[in-house]
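The primary structure of each chain is shown beneath.
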Amino acid sequence: MVDQPMRAPLLQVRGLGKDFGRGPVLDAIDLDLGPGAMVGLVGPNGAGKTTLLSLLMGLQRPTRGEVRVAGRALQSLSRRRLARTIALVPQDLEIGFAFGVREVVAMGRYPHLGRFQAPGSADLDAVQQAMVATGVDALSDRTIDTLSGGERQRVLIARAVAQQTPVVLLDEVTANLDLSHQLEVLGLARAMAADGRLVVAAMHDLALASRYCDRLLLLGQGRLRADGPVGAVLTPDHLLRFFGVEASIDMAPGGGLVITPRLPGDGAAPPGA
Amino acid sequence: MAKTDGRRSAFVLSAILLAAAMLAGVLTGPAAIGVGDLTRALVQPLLSSEHLPGWQAVVIWQVRLPRVLIAAMVGAALAVSGAVLQGLFRNPLASPSVLGVASGASLGAVLAIFFGLAATEVWALPLFAFCGALLTLFAVYGIATRGGHTPVATLLLAGIAAGAFNVAMSSFVLALALENWDVGKSIVYWTMGGLEGRTWDHVLLLAPFLVGGLVLTMVYPRDLDALLLGEAQAASVGVDVARTRLVLLLVTALLTAAAVAVAGGIGFVGLVVPHMVRLLAGPHHRRLLPLSALMGALVLVTADLALRTWFAANEIPLGVVTAALGAPFFLFLLLRQRGLMSL
């Protein structure tokens, strides 16, 4: 685990809350997120992870509180300005039109181009590098409607990489990928963080989250229940209270945690690691 | 590169075919007019202003040319509207009638005919049609928007509801009108779409909307491309989704209203032509939009030509021809799509 020195918060969240028809989906979220970090956002389904990412991206307006990007209120930034700062990769997308893979990745350059400006060599390079880094350059002659779910996901990630933003938000992007591709994508995310970007990744796989993230945010029922290093957030107590799972937690040899749930029929679980 | 050449040639080919179709359109009709007559009619006004035009020139200038031009413009307007709406709604089944705007224009026109205004004042019918279209658009948009958000699904449903309402009201007016057979007949024929008796007044009415609409849509091809990935992803790459959608909805409403105001209820052009273009030239809106305009013009001019060649004796409305050709073609597209998917 790397000790991060204090840096100016790139994303600052104060008192953030969002209500939908039946009540608050998110409430009282306070966060300071700085560059050069890979932050994992974990929590059970329905905890509000996607909503939080959506609010950070300005796709929805909060009911309460505010988000500040590099010190400026999110609402005050134009769409394009925001798009040059934050990129979001969604969970999955059905695309019924025969767009070429390279063309989809090239859309990541739109925020950097004037309305009628054609992409320049710098843009084309960014697209190519992004495709190589995510392993989709092999698919560059295909159209997006012929790809499998996992391939499509990697193309969308390439698009966000080509966008070259200081902040990258990933919404459960490893959900449809083979293990090898999951590791590839998470490795790429980690490299981007080491390179100085802020990567916030909503993840459902706690073991992988513990392996790849420096810091975890635990969302439970719309509130931030824990914020800190992996070992402080993924505790047997938290697992029981917020995931409803009794488990024991051990350190894995290469780093990260091994979570061993107690199944009915096992003996009594040891009291934590 | 081979791909670019292929697509450029699609433009050139469509333009040539359109010119040929328009030429044929001018030369076709009950009065026999040949290429010589046409050349003289076009050239003489330029050469000497005193020379009295022959009857052929009158027919060409006052009857055929406006008709062919309007066919081209209406086809272009409907096809571009369809292409834009299919991109906005990410749905290849969207068409200008999906927001109820076409039926709103129709209702306005029907009311104008019913109240006898269309007979007295040339501008009355188009004006009523416009009002009907815009009122419907505002109603649909207003119903579907809450707190600055206009969910696409709600927009579509509101459009369908408005369309149903407009059609019901039109039928109601028609039922009332049938007591006076002339008025009823007028309404029925108008609803089925046609270009009989269209004049330069109609051309002048339609032209600014067509040109303005086409120019405006060509500001947004990148946004439309980005919107194909969904609104969240489009916003993620910097597209102002709310504003883009509002502007484009307005533009398609105006294009559709103008087309319907002039030519009545002509269907399937807005639905089928963009598909054809996508098959030929791909889904990029920078090509799709202008090419749809060209092909839409070509399709409608050809349909009108076919009408005047083979059905000159009967008064078959143009809308019937486009439906008769369009529906089977649409079915063919669906089956092809289904066949591809089952592989």
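Residues numbered from 1 in each chain as written. Chains lettered and ligands numbered in written order. Predicted model: local features only at pLDDT ≥ 70, side-chain atom pairs only at ≥ 80, totals over all residues.

**Things to note about the sheet that holds strand 4 (residues 64-69) of chain A**
Then step 1. Ordered in space as 2-1-4-5 (chain A), the four strands form an open sheet in which the pairing is antiparallel. Only two strands of the sheet have a single neighbouring strand rather than two, namely strand 2 (23-33) and strand 5 (72-73) of chain A. (Pairing = 2+ DSSP bridges. Helix = DSSP H or I, 4+ residues; strand = E, 2+ residues; numbered from the N terminus.)

**Quick notes on the interface of chain B and chain A**
Then step 1. At the junction of the two partners, chain B supplies 17 residues and chain A supplies 19 residues.
Then step 2. When contributions to the side of chain B that touches chain A are tallied by element, the ones reaching two or more residues are helix 10 (221-227) and helix 11 (231-236) of chain B.
Then step 3. The element best represented in the side of chain B that touches chain A is helix 11 of chain B, accounting for four residues. (Contact = placed C-beta atoms within 7 Å.)

**Regarding unusual backbone geometry**
Residue and element names in this part refer to chain A.
Then step 1. Unusually for a residue other than glycine, Ala28 sits at a positive phi of about 55°.
Then step 2. With respect to the helices and strands, Ala28 occurs in strand 2.
Then step 3. The phi dihedral of Gln221 is positive, around 50°, even though this residue is not glycine.

**A short note on the confidence of the model for chain B**
Then step 1. Per-residue confidence for chain B gives a mean pLDDT of 83; residues scoring 70 or more make up 92%.
Then step 2. With pTM at 0.84, the complex prediction returns an ipTM value of 0.82. (pLDDT = per-residue confidence, 0-100.)

**Points about the packing of helix 6 (residues 124-144) of chain B against helix 12 (residues 241-263) of chain B**
All names here are of chain B.
Then step 1. For the pair helix 6 and helix 12, interaxial distance at closest approach is 9 Å and the crossing angle is 150°. With respect to helix 12, the element helix 6 is oriented roughly antiparallel. Read as a crossing pair, helix 6 and helix 12 show a hand that is right-handed. Between helix 6 and helix 12, the contacting residues are Leu125, Pro126, Ala129, Phe130, Ala133, Leu134, Leu137 and Tyr141 on the first element and Leu249, Ala253, Thr256, Ala257, Val260, Ala261 and Val262 on the second. (Axes fitted to C-alpha atoms, helices over the stretch in contact; angles between N-to-C directions. Parallel < 35°, antiparallel > 145°, perpendicular 65-115°, else oblique. Left-handed = near helix turned anticlockwise from the far one by under 90°.)

**So, the environment of B:Ala79**
Residues and elements named next belong to chain B.
Then step 1. Within the secondary structure layout, Ala79 lies in helix 3 (residues 55-88).
Then step 2. In this structure Ala79 comes out as buried when scored by C-beta crowding, with 34 C-beta atoms within 10 Å.
Then step 3. Ala79 sits ten residues away from Leu69 along the chain, and the two C-alpha atoms are 15 Å apart.
Then step 4. Setting aside residues up to four positions removed in sequence, Ala79 forms contacts with Val269, Gly270, Val273, Pro274, Ser292, Ala293, Met295 and Gly296. (Buried ≥ 20, exposed ≤ 12 C-beta atoms within 10 Å, placed from the backbone.)

**Overview of the packing of helix 9 (residues 200-217) of chain B against helix 12 of chain B**
All names here are of chain B.
Then step 1. One way to put it is that helix 9 packs onto helix 12 with a least axis distance of 9 Å and a crossing angle of 155°. As the angle between them shows, helix 9 and helix 12 are arranged roughly antiparallel. Crossing geometry of helix 9 relative to helix 12 is assigned as left-handed. Along the contact surface, helix 9 presents His202, Leu205, Leu206, Phe209, Leu210, Gly213, Leu216 and Thr217, while helix 12 presents Leu248, Val251, Leu254, Leu255, Ala258 and Val262.
Then step 2. Residues that form the contact of helix 9 with helix 12 fall into these classes: eleven nonpolar, three polar and no charged. (Nonpolar A, V, L, I, M, F, W, Y, C, P; charged D, E, K, R; others polar.)

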